[in-house]
Structure formats: C-alpha cells, structure tokens
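Structural features, examined
Spelled out, the chains give:
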Amino acid sequence: MRRTRKWEYDAAVVGAGLTGAAIAQRLTEHGKRCLVLEKRPHIAGNAYDVEIDGIRVHRYGAHIFHTSDRRVWEYVSRFAEFNHYIHAPLANYRGRVYNLPFNMNTFAGLWGTASPEAAEEKLREQRVVYDHAPQNLEEQALSLAGRDIYETLIRGYTEKQWGRPCTQLPAFLIRRLPFRFTYDNRYFSDPYQGIPTDGYTRLVERMLDGIELRLETDYLSQRSHYDSLAERIIFTGPIDAFFDYAEGRLQYRTLRFEDEHLETPNRQGTAVMNYTDAETPFTRIIEHKHFVFGQQPNTIITKEYPLEWMPEAEPYYPINDAGNTAILERYLDRARAQTKVRFCGRLGEYKYYDMDQAIGAALTLADRILKE
Ligand code: FAD
Ligand code: UDP
C-alpha cells in the first residue's frame, strides 16, 4: 500500500465494530493514516457494553470472548485483561432446567442416565437414521441428538430464533454446539475465553487510541465525499446496502432487548438462561452481573426477543440459507470487481462470525493490504 500525497487518508474504515477497529489499528500501527466512520453514536458495534446502575450491560446481547486462535488471543490481550468467566448456560424448558451444551448432565436430567454407556444406549434408541446426509437442521438434530433432545432443547429455541421451521434451516447452525459424553458444561471448548474486565467498549477504545473517529456518520449518505478523502475504503457494514440492494435484499434476523431493573442481588443464578419451549416468546434471559461475578445488591436482566429484520432495525444475524447464499454470491462478484473498496466483517461478508473470527479475518485483510 503506497501513500500518495493526493489523499488525506490512506484508508477510511466504515464501522467501528471489532472488525473496523482491528483493521484501523493494524494499518495505523504500520504508519497508515486512517479515518473511522461509525453511524451509531458509539464504538464497539454489537459488542458494545455500557454501565447502568453499577452493572455493565451487554447492550446487544451476551458477548463471551472465546478462541482457539493464539494470534487473535495475543492480539486482544494487548488491549484488555480478561477474567476467568467460563460460559455454561442453562436451558429452561417449561420450568425445568437442563445443562447445556448437550453432555452427561443434560442426559442425566432428561433420562436419569448415570454413565456414558447408558446415555449412548438411550441415544441409539432415540436417533433417527437417514439414508442420506442431513438436508436441514431438523434432520441434523434428529440424527445427532435424537427425538427427546430435539423436542426439549432445540426445536422451540431454534424456530423462535430464526423464525423458520427447522426443516427450512441449514444443518450447519446446530453443528456449532458441542455434544459430549463427559460432565463438562463448558459451552465453548476453546482454550482461551473470558470477558474483558473493563468491558468491550473500553477494549475497542484502546484499539482506536489515536485514530480519527467520526461517530453518527453514515458513509453511505456521503459516499462521494469520503471516497474523495481516502485512497481506500474498508467497508464493514452490510454488503447489500453498499450496492444499494441492486442484487436484492439479504435477509437478517434482528432482536428486541427488554431490560428489567430488579432490587434483588440474584434473579437467575447464571449469566444466560435459554428458554427452549415454543410458548415463551423470548429466547433467553441475560443477567449481566454474572459475567463479571458482580456482588451488587441489585441486578439487571435482559430478555431477548428475535424478530424478522425490517429496514431501520439492526441486522444482527445473517441467515446463511440457500436463497441468501445465492444473492450473496452475486454481491461477492460485484465486490471482487471493486478496486478501491474491501469488504470485511459479519455484515461486510455476511458471515456468522464470532468475535475472534471477525478479528482474525480483519487482521488477515489488514496484513494483505499492507503488502500491496
Ligand atoms: P458489527 O459489530 O456489526 O459492527 C459493524 C459496525 O458498522 C456497526 O457498528 C455499524 O453501526 C457500522 N456501520 C454499518 N453500516 C455503516 C455505514 N453505512 N456507515 C457507518 N457505519 C456503519 N460473538 C462471540 O464471539 N461471542 C458471543 O457470545 C457473541 N454473541 C453474540 C450475540 C448477539 C446477539 C449477536 C448479534 C452477535 C454475537 N456475537 C458473538 C458476534 C459478534 O457480535 C460479532 O462477531 C462482532 O461484533 C462482529 O464485529 P463486526 O465489526 O464485523 O460487526
Ligand atoms: N440452539 C438450540 N438450543 C439452545 C441453544 C442453541 O437449539 O438452547 C441452536 C439454535 O439453532 C442456535 C444454534 O444452536 O441458532 C447456535 O446456538 P448459539 O448459542 O451458538 O447461537 P448464538 O450465540 O450465535 O445466538
């Protein structure tokens, strides 16, 4: 990447989420001049957290950092200290509580089994055998986990989360969840995990230290102005919005968050409780203080209600099914034809990235740009 005098900035980075922050940080560290544009009034994207009544609230849903990628762990550790929180959420099905992810504690709760052999035998009876590879999430769940687990812990939650029947959802969504024959309740098997002790917003603030940032600035509404300032544009917003939806709209799931402030020290005894039945309208309740082992006399809980995305709502989850993948391919063709603009991040690539994957992809892109 050569610096020519013509440009005020080497790169304008659109979006101050983890992806935008990592790219801007890396380029700046290597002597490039970056301008970060963020349309929201705050940094950190969906990882944004904010202190309310002495409790750090994950404003856009529970965010637990976890990774197997040492490079990413060493990178984030430069900007934050992490506590030793280990994520072990629970599932509440019609008032009964089960351990997640699926493990010996779950099987004991469902069937009363006490050994791996007994649990394996129960699963053998339960599993559905198909004469083809699983074609959708329901087939994947029934062949992997069997009927009881599917009906108690998967179906209701998944259909609420995605607003579609499990028969119309891609099988890979459920492959994110571990399945174990040990009494191990850790949701993530990664060697590195935790919550930044000063929060994600502070982490991103440190990443952006010394970099010019403009909040409440929508790049798309002043595109030609910013294109004239910067040699390159790194776009981490929705790829379909960048192209004015010329190939059709990509679908997203969005969420509505409902807070309750309670004058009790402990409402549910854990940071995340999933509600896996179909009747409860929300998917989970977060009790924020438990991420950092808070001892306050009060508590804040947040209920998460999934919704179909509509214009003006935040696009939280890409829906990587066949229809959207076909539309995405057309946008990726357009993206490849761009010389000035690079796309990255959960929205820029329309990929179901976790934070570590978003940061990993951002660092890889920044390093590639630095070699050009
Ligand atoms: P974003 O955080 O979406 O940031 C993109 C930014 O670009 C936004 O701030 C947006 O306002 C801005 N932007 C968009 N368009 C424009 C524009 N035109 N002009 C200016 N700015 C623009 N990951 C985990 O690892 N662990 C978890 O536990 C976890 N839980 C999650 C829970 C929920 C409810 C959600 C939605 C996600 C979760 N994730 C989790 C994923 C995590 O949020 C993402 O991996 C990460 O935030 C991606 O960062 P990003 O910068 O690519 O995208
Ligand atoms: N899932 C489920 N029951 C649960 C939790 C998750 O069936 O109690 C399924 C659901 O389909 C979900 C997928 O597993 O979309 C991935 O879950 P994860 O917790 O990784 O989702 P995220 O944290 O990204 O919302």
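Provided above is the structure to which this section pertains.
Our subject in this report is the structure included herewith. Please read these numbers as outputs of a predicted model, since none were measured by experiment. (Residues numbered from 1 in each chain as written. Chains lettered and ligands numbered in written order. Predicted model: local features only at pLDDT ≥ 70, side-chain atom pairs only at ≥ 80, totals over all residues. Heavy atoms only, no water.)

**Observations concerning the packing of aromatic side chains**
Counting across every chain of the model gives 30 aromatic pairs. Relative to Phe 179, the ring of Phe 107 lies with its centre 5.8 Å away and its plane at 50°, an arrangement referred to as tilted. You can see Phe 107 sitting in helix α3 (residues 104-111) and its partner Phe 179 sitting in the loop between α6 (172-175) and β8 (192-194), a full 72 residues away along the chain. Overall, the relative accessible area of 0% leaves Phe 107 in the buried class. (Phe/Tyr/Trp six-rings, centres within 6.5 Å; stacked < 30°, edge-to-face > 60°. Helix = DSSP H or I, 4+ residues; strand = E, 2+ residues; numbered from the N terminus. Buried < 20%, exposed > 50% of the residue type's maximum accessible area, 1.4 Å probe, protein only.)

**Details of the sheet that holds strand β2 (residues 34-37)**
Taken together, five strands build an open sheet; the order of strands is β9-β2-β1-β10-β16 and the sheet is parallel. Because the sheet does not close on itself, it has two edges, and the strands there are β9 (212-214) and β16 (341-343). The average undirected angle you get between the axes of adjacent strands in this sheet is 20°. Relative to β2, strand β1 (residues 9-14) runs parallel, the two being bridged by four bridges. Pairing of Val 14 across the sheet is with Leu 37, part of β2. Contacting β1, β2 and β10 (230-235), helix α1 (residues 18-29) runs over the sheet at an angle of about 170° to β2. (Pairing = 2+ DSSP bridges. Axes fitted to C-alpha atoms, helices over the stretch in contact; angles between N-to-C directions. Contact = heavy atoms within 4.5 Å.)

**So, the sheet that holds strand β7 (residues 96-99)**
With respect to topology, seven strands assemble into an open sheet ordered β7-β6-β12-β13-β14-β11-β15, the strand pairing being mixed. Of all the strands in the sheet, just β7 and β15 (317-318) have a single pairing partner and so form its edges. Pairing analysis gives four bridges linking strand β13 (residues 284-287) to strand β14 (residues 299-308), with the strands arranged antiparallel. Counted as the bridge partner of Glu 287 is Ile 301 from β14. Lying over the sheet, helix α5 (residues 137-162) contacts β6 (90-93), β7, β11 (252-262), β12 (272-275), β13, β14 and β15, oriented at roughly 105° with respect to β11.

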